[in-house]
Amino acid sequence: MKKAVFPGSFDPLTLGHQDIIDRGLRVFDHIIIAVGINADKKYMFDLDQRVSFIEELYKNKKNISVKTYDGLTVDFCKKENAQFILRGLRNPNDFEFEKAIAQANAQLSDIETTFLLTNPSTSFISSSIVRDVIRNHGDYKKFVPHTVVL
């Protein structure tokens, strides 16, 4: 079974994330959506909310699970017996950043990183943009799945 971990803070989950997860299911038998815990980071949505948004969206998908983790992603992959890390790429800046992480992970483990290009219709969406729209009382629902609610 090909199992992948899709790590992120998902603060909040966006339509871009959803696109990568849904398309990733064409490649992998099972995807673990791994919600990272970083004590040094300020989140708009608490951990339980972020997990809830994702679990509600994928509640009928048996080949998707949602888990939280801290520490190195490759260590989490080993613990979960996942052979792959799934990442989405929106633009050249994402590529350079993600390439460096993938190369470091390759030095730490035999976990393979797989990249999917985001759909052009969602490539401009980032959690940072969504948080800014929310802070300024804009219509954030255009950028997130229906399960993300304030």
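Residues numbered from 1 in each chain as written. Predicted model: local features only at pLDDT ≥ 70, side-chain atom pairs only at ≥ 80, totals over all residues. Heavy atoms only, no water.

K.L.:
How should the pattern of salt bridges be read in this particular structure?
P.N.:
Enumeration according to the criterion identifies 8 salt bridges in this entry. With a shortest N-O distance of 2.7 Å, Arg23 and Asp19 are connected by a salt bridge. You can see Arg23 and its partner Asp19 sitting in helix H1 (residues 15–24), 4 residues apart, about one turn around the helix. As far as burial versus exposure is concerned, Arg23 and Asp19 are alike and both buried. (Salt bridge = Lys/Arg side-chain N within 4 Å of Asp/Glu carboxyl O. Helix = DSSP H or I, 4+ residues; strand = E, 2+ residues; numbered from the N terminus. Buried < 20%, exposed > 50% of the residue type's maximum accessible area, 1.4 Å probe, protein only.)

K.L.:
What exactly am I supposed to notice about helix H5 (residues 127–135) here?
P.N.:
Since there are 3.6 residues in each turn of an α-helix, residues three or four apart along the chain are aligned in direction. All of the buried residues along H5 are Ser127, Val130, Arg131, Val133 and Ile134. The buried residues of H5 all sit within an arc of 160° when viewed along its axis, so they share a single face. Phi turns positive, to about 60°, at His137, one or two residues after H5. (Arc of directions from axis to C-beta.)

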